[in-house]
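Here is how the chains run, residue by residue.
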Amino acid sequence: MKRYRCTICGYDYDPAVGDPSHGIALGTPFEDLPGDWVCPVCGADKTLFHALAEPGLPEETPVSAAIDAQPAAISDAEKAAILSNLARGYQKQFRADEAALFTQLADYYVTRIGHEGDVDSFRAALKDDLSGGYAAAFEAARKSSDRGALRALTWGEKVSRIQDSVLGRWADKGDSSFEDTKVFVCDACGFIFLGQTPPDICPVCKVPAFKFNEVKRGA
């Protein structure tokens, strides 16, 4: 029986071991896990696992196709996101003046965005990123040997997969899918965790639990 690996935190589900702490008996194939089973480490659902090949064979990993062409200009929303990320980077370097300036610029572009769109359009944008956008960005970062960008892209791709997964649960069951759980977001990388308490460390960027903020209902 094949082992499966979580693409978010790297946890391996081994059928020979099962997941006894969550009621999954030894010898349970991955395909037979309940539909609501999630990664015991980071909470990712089954769709975010991929099969590991047998010894001597390559892993069965999905391959993203690169985007053929990039737009000539970026939108106000993209400008706001870039400037906000720059502000956060300066905050981490304790450079308050620069952080404040980039935050001011980001806020300006936020006022130009408006609030059009819905969950379906947001998920469509996420899937565009996951099917091609990240592949193109990774290629550009590798060509320029930008290690910082590669790390940020690695985090971003994993967080985007989690976002799509959480939105998928909501699309299937609505608000009831979150009735008995709390929602926490990592302040460093944006990872979303569903549970009663945040993890000891972020499965994506490895910061400690105090970096997680709870998202209250109606926020």
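These remarks concern the structure in this document. (Residues numbered from 1 in each chain as written. Predicted model: local features only at pLDDT ≥ 70, side-chain atom pairs only at ≥ 80, totals over all residues. Heavy atoms only, no water.)

Now for empty space enclosed by the protein. Taken as a whole, this structure holds one cavity of 30 Å³ or more when the rule is applied. Here the largest cavity is characterised by a volume of approximately 50 Å³. Together, C42, G43, A44, I162, S165, V166, R169, I192 and L194 line the largest cavity. At four residues, the largest contribution of residues to the lining of the largest cavity is made by helix α4 (residues 147-173). Within the lining of the largest cavity, the residues separate by chemical class into six nonpolar, two polar and one charged. (1 Å grid on protein atoms, 1.4 Å probe; cavity = no way out; pocket = protein on both sides within 12 Å on 5 of 7 lines; lining within 4 Å. Points joined across faces, edges and corners; volume = space filled by probe spheres on them. Helix = DSSP H or I, 4+ residues; strand = E, 2+ residues; numbered from the N terminus. Nonpolar A, V, L, I, M, F, W, Y, C, P; charged D, E, K, R; others polar.)

What follows is about α4. Counted at 1.5 Å a residue, the expected span for α4 with its 27 residues is 39 Å, and the 40 Å between its end C-alpha atoms agrees. What α4 keeps buried is the set L153, G156, E157, V159, S160, I162, D164, S165, V166, L167 and G168. Considering only its buried residues, α4 is in contact with α3 (119-143) and β5 (192-195). Backbone nitrogen of G148 and a side-chain oxygen of the N-cap are separated by 3.2 Å at the start of α4; the cap is D146. G174, located one to two residues past α4, shows a positive phi value of around 70 degrees. (Expected span 1.5 Å × (residues − 1). Buried < 20%, exposed > 50% of the residue type's maximum accessible area, 1.4 Å probe, protein only. Contact = heavy atoms within 4.5 Å. Polar contact = N/O pair within 3.5 Å; in protein donor to acceptor, adjacent residues only side chain to side chain.)

Before going further, it helps to spend a moment on the packing of α3 against α4. Running from N to C, α3 and α4 cross one another at 160 degrees; their axes reach a closest spacing of 10 Å. Viewed along their axes, α3 and α4 adopt a mutual orientation that is roughly antiparallel. The handedness of the crossing between α3 and α4 is left-handed. (Axes fitted to C-alpha atoms, helices over the stretch in contact; angles between N-to-C directions. Parallel < 35°, antiparallel > 145°, perpendicular 65-115°, else oblique. Left-handed = near helix turned anticlockwise from the far one by under 90°.)

For the rest of this paragraph, the subject is unusual backbone geometry. The residue S145 is not glycine, and still its phi comes out positive at about 55 degrees. Along the polypeptide, S145 turns up in the loop between α3 and α4. For K206, which is not a glycine, the phi torsion comes out positive at approximately 70 degrees. Along the chain, K206 falls in the loop between β5 and β6 (212-215).

For the rest of this paragraph, the subject is the nonpolar core. By size, the foremost hydrophobic cluster in this structure holds 33 residues, and its most contacted members are C6, I8, F49, F191 and C202. For this core, the elements supplying multiple residues, two or more each, are β1 (4-6), β3 (49-51), α4, β4 (182-186) and β5. (Core = buried A, V, L, I, M, F, W, Y, C linked by side-chain atoms within 4.5 Å.)

Honestly, it's all geometry; don't read function into it.
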